[in-house]
Every structure is written in structure tokens, then in C-alpha cells.
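So you can see what is in the structure, the chains are spelled out below.
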Amino acid sequence: MAGVLGLALLSPLMASDAEARELSVSTVLSDAFPWGQAAEKWAELVEERSGGELTLRVYPNAQLVAGDQTKEFSAMRQGLIDLAVGSTINWSPQVPELNLFSLPFLMPDHAAIDALTQGESGKQVFAAIESKGIKPLAWGENGFREVSNSSKSITSPDDLKGLKIRVVGSPLFQDTFTALGANPTQMSWADAKPALTTGAVDGQENPLSVFDVARIDQVGQTHLTLWHYMADPLIFAANQRVWKSLSEQERTLLTETAKEAGAWEIAMSREGNAQRLADIEARGVNVVKLDEDAMQAFRDATQSVYASWTPKIGESLVETARAEVEAS
Ligand code: X2X
């Protein structure tokens, strides 16, 4: 106690650092979803371990960017957002390297995702984020994105022909679905459910957890194809100015708790998938599982995406990632 007081008297800066401080955390999905729960877990751990001196306040539904999730990274860079748990998809317009995870059929399973995020690819991706003025801290996971629609079973690329599919606001998705013969339309998550409800679009793609919690089956999405074509990791990150204003101790606390919350969310989200799938099927959704030949047809149909996106992502990063997937 005397030591703490002594320090405070000697160093007014440290004394002010020790005052309670609240930081904002942006997420796209609320705590009804694993993604929002990841941010809440982070906040809980920080509050607990800082003895209440540091508080994280979670702002879900991309409300700090008026619902425009592709502006989240820029808003964090500008200091309008202190911290975020964001999807690689939503940040990819500002960080081209993040498109790596959206390359169709690059990661066949969870081991492949982990090989990238925990390996050299992950390091390079974090370095790219840092070079853009954001401090990345840890990984989470939104999950493998499966495609649904309101009219038919999708078992081959042909079935996608002419279907209007809502995609996230990242140009790579436009290219993937165009390559498959579909008619992709970019829109925010906030606009997606209304568009599905009115039939303005025929389909969408999102992880099982999102399909389940958002009750996408209730807006006419009666066909779901499990194709695991890509998965979006989540990244816990901080605005650089905020980061630099924190004490060494606070930085360690934020990093460790982000890693813990991320690992917790990844495990919880993966474990929940079997039950989610059972629930979705029980609601009458027609679920299609593809065999190896069918998967290969989708891989073949999307090769052009590699040709156009590898140079933007970086040849060497894509090579590194391929090798890490191969070894996983
Ligand atoms: O908009 C989506 O589809 C969502 C919620 O999955 C993302 O933010 C990437």
C-alpha cells in the first residue's frame, strides 16, 4: 500500500493512468451469437482482473459505424472506436491480406484454420494489420460459411446459376459468386434479413451459428448446403493511440484476456455446431452435405478467384498459407 502511494506521489502520470477508464468495443453481432459473446467474455475478464480500473463497453450491431460494418476498421483507425472484435471479411477492404481467409476452399477444416491463424500466415496477417495503424491482439472465429437459399437444393455450381445471393461488402465475394454463375449483391448484415424477407435476394451465406440464432429459416431460407467454402476468423484489436496510452501492465492484461476470450469462443462455437445443425434440420430446413466429387466441382469453378486475388493478397502469403494447410 505504502509502495503504491509512494509511486503515485512520485509520478502524477502513473496516478492518472490508474484512474478507472472505459474503452469501447465494436462488434457486428450481439451477444446472442458467439461473436458478441467473445466480446462480452473479453469485457468480463478485463473487469475482473483489473479490479474494475479498466472497463470494456461492448457496442454490438455495428452501431458505432451506423450499421456499415465495412467501415469498422477505418473508424477504429480514426479513433472513433477504441477496440473491436471484427471479422476478417469486414476489415479486408482496408487490409488486402485479410482476403486470404476468403479464398474459396482454401481451408478444408478447423485444423487448417488453426494452422493459418497460429502459424506464419497469421503472423504476416497481424503485421499487415499493424502496418495500417491497428494493434491486433488475438483470434476468434465466426465460422465456416454455408450457403442457403429459398428455392432449391444446391448440389453443384449449376444450381447457383441466376440465384441472387446477398454477400458481405468485400469485392472478393462478388468474384466468387460471379464465378459460380450466381448474381451476388453486396449489403450489410443490417440489410440482409429484410432483403431475405421480401425476397429481394434468394440466398445468403453465413456460419451455422448465425443461421441458427438469427432464425434465417424463418425468412424462407429452406435450403442449406454445407460446403465449408471459407471461414472468417475474428480479430481482437485496438486503436494504436489507445494502445500507446495504456501502461505495460494494462497492455498485457488486454492481450492475455483477448487470447483467453478468443480461445474460449472458438471452442464454444465449434462445439455448438452439431446441435445447431440438428436444430436447423428439425425446423424443416433441407440440409445438403456434399461428397468429394461435388466439392471438387465447386473448387474447379472458383479457380479464377485465386488468379485475380493472389496478387492483391500477396503471392508469398498465399504460398505460405497453402503450405500450412497442406501440413495441417
Ligand atoms: O454480415 C455478415 O454476414 C456477418 C455478420 O457474418 C459478418 O459481419 C461477416
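Preceding block: the structure.
Below or above, wherever it landed, is the structure these notes cover. (Residues numbered from 1 in each chain as written. Predicted model: local features only at pLDDT ≥ 70, side-chain atom pairs only at ≥ 80, totals over all residues. Heavy atoms only, no water.)

## Some points on the overall build of the protein
Thought 1: Of the regular secondary structure elements, the protein holds 16 helices and 10 strands.
Thought 2: Compactness check: the protein gives a C-alpha radius of gyration of 21 Å against a globular reference of 20 Å for 328 residues, within 12% of the reference.
Thought 3: With the C-alpha coordinates aligned to their principal axes, the bounding extent of the protein is approximately 75 × 40 × 30 Å.
Thought 4: Contacts spanning at least 24 positions in sequence make up 74% of the contacts within the protein whose residues lie at least 6 apart.
Thought 5: About 13,400 Å² of surface is accessible on the protein, with carbon and sulfur atoms providing 52% of the total.
Thought 6: Of note, the protein has its 27 positive side-chain charges centred 4 Å away from the centre of its 44 negative side-chain charges. (Helix = DSSP H or I, 4+ residues; strand = E, 2+ residues; numbered from the N terminus. Rg over C-alpha atoms; globule rule 2.2 N^0.38 Å. Contact = heavy atoms within 4.5 Å. Areas by Shrake-Rupley, 256 points an atom, 1.4 Å probe, with all protein chains shown as cover. Lys, Arg positive; Asp, Glu negative; His and termini not counted. Charge placed at Lys NZ, Arg CZ, Asp CG, Glu CD.)

## What about the packing of aromatic side chains?
Thought 1: Taken as a whole and assessed by the stated rule, the structure comprises 10 aromatic pairs.
Thought 2: Measuring from centroid to centroid gives 6.4 Å for F105 and Y229, while their planes differ by 65°, and the two rings are edge-to-face. In this pair, F105 is assigned in the loop between α5 (88–91) and α6 (110–117) and Y229 in the loop between β8 (223–226) and β9 (231–239), connecting sequence segments 124 residues apart.
Thought 3: According to the relative accessible area criterion, F105 is buried, its value standing at 12%.
Thought 4: The exposure class of Y229 is buried, given its relative accessible area of 1%.
Thought 5: Positioned above the aromatic ring of W264, the side-chain terminus of K41 is 4.7 Å from the ring centre.
Thought 6: Over the ring of W309 we find K312; its NZ or CZ atom is 4.0 Å from the centre of that ring. (Phe/Tyr/Trp six-rings, centres within 6.5 Å; stacked < 30°, edge-to-face > 60°. Buried < 20%, exposed > 50% of the residue type's maximum accessible area, 1.4 Å probe, protein only. Lys NZ or Arg CZ within 6 Å of the ring centre and 35° of its normal.)

## As for the site of the ligand
Thought 1: The ligand sits among 13 residues. The nearest are Q69, N90, R145, R166 and N206.
Thought 2: Q69 places a polar side-chain atom, nitrogen or oxygen, 2.8 Å from an oxygen atom of the ligand.
Thought 3: With respect to the ligand, the side chain of R166 contributes an N or O atom lying 2.7 Å from an oxygen atom.
Thought 4: Relative to its unbound accessible surface of 270 Å², the ligand loses 100% to contact with the protein.
Thought 5: Considered class by class, the residues forming the shell around the ligand number five nonpolar, five polar and three charged. (Near = heavy atom within 4 Å. Polar contact = N/O pair within 3.5 Å; in protein donor to acceptor, adjacent residues only side chain to side chain. Nonpolar A, V, L, I, M, F, W, Y, C, P; charged D, E, K, R; others polar.)

## Looking at the packing of helix α3 (residues 34–49) against helix α13 (residues 248–282)
Thought 1: Contact geometry for α3 and α13: axes closest at 8 Å, N-to-C directions at 145°. By crossing handedness, the relation of α3 to α13 is classed as right-handed. From α3, P34, W35, Q37, A38, K41, W42, L45, V46 and R49 reach across to α13, where they touch L253, L254, T257, A258, E260, A261, W264, E265, M268, S269 and R276.
Thought 2: Along the lines of polarity and charge, the residues of the contact of α3 with α13 split into 12 nonpolar, three polar and five charged. (Axes fitted to C-alpha atoms, helices over the stretch in contact; angles between N-to-C directions. Left-handed = near helix turned anticlockwise from the far one by under 90°.)

## With respect to the packing of helix α9 (residues 171–179) against helix α15 (residues 303–313)
Thought 1: Close contact between α9 and α15 brings their axes to 9 Å; oriented N to C, the two are set at 150°. Classified by the angle between their axes, α9 and α15 sit roughly antiparallel to one another. In this structure, α9 crosses over α15, and the sense of that crossing is right-handed. Counted together, P171, L172, D175, T176 and A179 of α9 and S304, V305, S308 and W309 of α15 form the full contact between these two elements.
Thought 2: Counted by class, the contact of α9 with α15 contains five nonpolar, three polar and one charged residues. (Parallel < 35°, antiparallel > 145°, perpendicular 65-115°, else oblique.)

## Describing the pairing of strand β4 (residues 134–149)
Thought 1: Within β4, 16 of the 16 residues are buried, which leaves the element mostly enclosed by the surrounding structure.
Thought 2: Alignment of β4 against β9, held across nine bridges, turns out to be antiparallel. Its bridge partner lying in β9, A138 is registered against F236.
Thought 3: In this structure, β4 lies alongside strand β7 (residues 203–207), joined through five bridges in antiparallel fashion. Note that in β7 the partner of N149 across the bridge is G203.
Thought 4: One ladder, built from three bridges, connects β4 with β8; its direction is antiparallel. Counted as the bridge partner of S148 is L224 from β8. (Pairing = 2+ DSSP bridges.)

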